[in-house]
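Residues per chain are reported as follows:
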Amino acid sequence: MTTHPSPALIARYADREARLDEVTMWSVELHLDTCSRCRALLAGGTTDDTRALLDRVAAGVDQGIVGGPAPAPRRRLAVLLHRWAAWQLAPWLGMTVAVLGCAVLLGVLAPGLPSLVALLAPVAPLPGVAVAWTRRYDPAWELIAGTPSAGLGMLLRRTAAVLAVVVPALALASGGTGVSLALTLLPCLAFTALSIALGAFVGVRHAAVGIGAAWALAVVTPAVYTAELPVLLQPGSVRGWALLTVVLAGFAATRAGAFRRLSGLN
Ligand SMILES: [Zn+2]
């Protein structure tokens, strides 16, 4: 059973003039730590002097806050940039643009080859998408994972940032090589949606790497070997790509819950 110090003892503890031996003082202090009833008693017995002291301290703190330097202003541009772009994407996007540039150059140097721009267009956004949502490449992932804005919304914002660079680069490249713009951009969007849809199950990075490898093996290699564009990239397949893009994007939207955590554990 707890023995509470007597009200008289608590009053003496509160009174600065009263002399309490150290052992009694400690035992009262220890008890006050755990007993709200005695703390209330102590607060009730506070002398006018103590209350005046507390008021002076509070007024001093208030004055310090009012007279202190103004809080740093929110820089809107910086906030906007951080919301939409992740700087770890920059080298990957640079590499993608460089590869597309090489594809255009090869198309000019070796006209006998099937269009490398068309062959690379579907996988062009994948390196950026793979990096957009993985803890391996994001030094701030712990912070991000703890914010309410993490999840599909952030993945989509970063993917949009990737597409904002890749789509104009592809449009330029297709214009330079005479490849149909629809057959360049639609597969690019379809594969972006596919990597997000598959990413709900295996992580976006694994999905992007898998899709890229499968495309390189099943389509790019045979096309370069036979020097012919596959049926998939012939003009008749535009509708198929458009339909696939819509279906995959719709499916990815239903899997929002799967993106609450950053994927790609290693
Ligand atoms: Zn007590």
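Since the structure is predicted, the reported quantities are computational estimates derived from the model, not experimental observations.

## Looking at the overall build of the chain
Regarding its fold elements, the chain presents 13 helices and zero strands. Secondary structure elements of the chain, listed N to C terminal, follow the sequence α-α-α-α-α-α-α-α-α-α-α-α-α. Taken over C-alpha atoms, the radius of gyration comes to 33 Å for the chain, far larger than the 18 Å a tight globule of 266 residues would show. Taking the principal axes of the C-alpha coordinates as reference, the chain spans close to 100 × 45 × 30 Å. Burial analysis of the chain (266 residues in total) assigns 29% to the buried set. Considering only contacts within the chain whose residues lie at least 6 apart along the sequence, 77% involve residues at least 24 apart.

## Some thoughts on the environment of leucine 183
Inspection of the secondary structure assignment puts leucine 183 in helix H11 (residues 181–202). The sequence separation of leucine 183 and arginine 75 amounts to 108 residues, and the corresponding C-alpha distance is 41 Å. Once residues lying within four places of it in the same chain are set aside, the contact partners of leucine 183 are Ala118, Leu233, Pro235 and Val238.

## Some thoughts on the packing of H11 against helix H12 (residues 204–226)
Packing of H11 against H12 brings their axes to within 7 Å, and their N-to-C directions diverge by 130°. Between H11 and H12, the crossing angle belongs to the class labelled oblique. At the point where H11 passes H12, the crossing takes the right-handed sense. In contact with Phe191, Leu194, Ser195, Ile196, Leu198, Gly199 and Val202 of H11, H12 contributes Val204, His206, Ala207, Ala208 and Ile211. Per-class residue counts for the contact of H11 with H12 are nine nonpolar, three polar and no charged.

## A few points about the domain arrangement of the chain
Domain assignment breaks the chain into domain 1 (7–67) and domain 2 (76–259). The gap between the C-alpha centroids of domain 1 and domain 2 is 66 Å.

## Focus on the nonpolar core
The nonpolar side chains of a soluble globular protein tend to be buried with one another. One finds Leu100, Val117, Leu120, Ala132 and Val204 to be the most contacted residues of the largest nonpolar core, which totals 51 residues. At 11 residues, H11 tops the list of elements feeding residues into this core.

## Quick notes on the confidence of the model for the chain
Per-residue confidence for the chain averages 84 on the pLDDT scale, and 95% of its residues sit at or above 70. The lowest-confidence element of the chain is helix H9 (residues 141–145), averaging 72 in pLDDT; the highest-confidence one is H12, averaging 91.

## Things to note about the packing of helix H1 (residues 7–14) against helix H3 (residues 36–44)
Between H1 and H3, the shortest axis-to-axis distance is 9 Å and the interhelical angle comes to 55°. Relative to H3, the element H1 is oriented oblique. Crossing hand, H1 versus H3: right-handed. Contacts between H1 and H3 involve Pro7, Ile10 and Ala14 on the former and, on the latter, Cys38, Leu41 and Leu42. Among the residues making up the contact of H1 with H3, the classes are represented as six nonpolar, no polar and no charged.

## Concerning the environment of leucine 189
Tracing the sequence through the fold places leucine 189 in helix H11. What makes leucine 189 buried here is the crowd of 21 C-beta atoms within 10 Å. Residues leucine 189 and valine 167, spaced 22 residues apart in sequence, show a C-alpha to C-alpha distance of 9.0 Å.

## Description of helix H2 (residues 22–34)
An ideal rise of 1.5 Å per residue puts 18 Å on 13 residues; H2 measures up with 19 Å between its terminal C-alpha atoms. For H2, the buried fraction is low: one of the 13 residues fall into the buried class.

## A look at the environment of proline 7
With respect to the element layout, proline 7 can be found in helix H1. When the 13 C-beta atoms within 10 Å are taken as the criterion, proline 7 is described as partly exposed. In sequence terms proline 7 and valine 57 are 50 residues apart; their C-alpha atoms lie 27 Å from each other.

Calculation criteria
Residues numbered from 1 in each chain as written. Predicted model: local features only at pLDDT ≥ 70, side-chain atom pairs only at ≥ 80, totals over all residues. Helix = DSSP H or I, 4+ residues; strand = E, 2+ residues; numbered from the N terminus. Rg over C-alpha atoms; globule rule 2.2 N^0.38 Å. Buried ≥ 20, exposed ≤ 12 C-beta atoms within 10 Å, placed from the backbone. Contact = placed C-beta atoms within 7 Å. Axes fitted to C-alpha atoms, helices over the stretch in contact; angles between N-to-C directions. Parallel < 35°, antiparallel > 145°, perpendicular 65-115°, else oblique. Left-handed = near helix turned anticlockwise from the far one by under 90°. Nonpolar A, V, L, I, M, F, W, Y, C, P; charged D, E, K, R; others polar. Domains from an automatic or database assignment. Core = buried A, V, L, I, M, F, W, Y, C linked by C-beta atoms within 7 Å. pLDDT = per-residue confidence, 0-100. Expected span 1.5 Å × (residues − 1).

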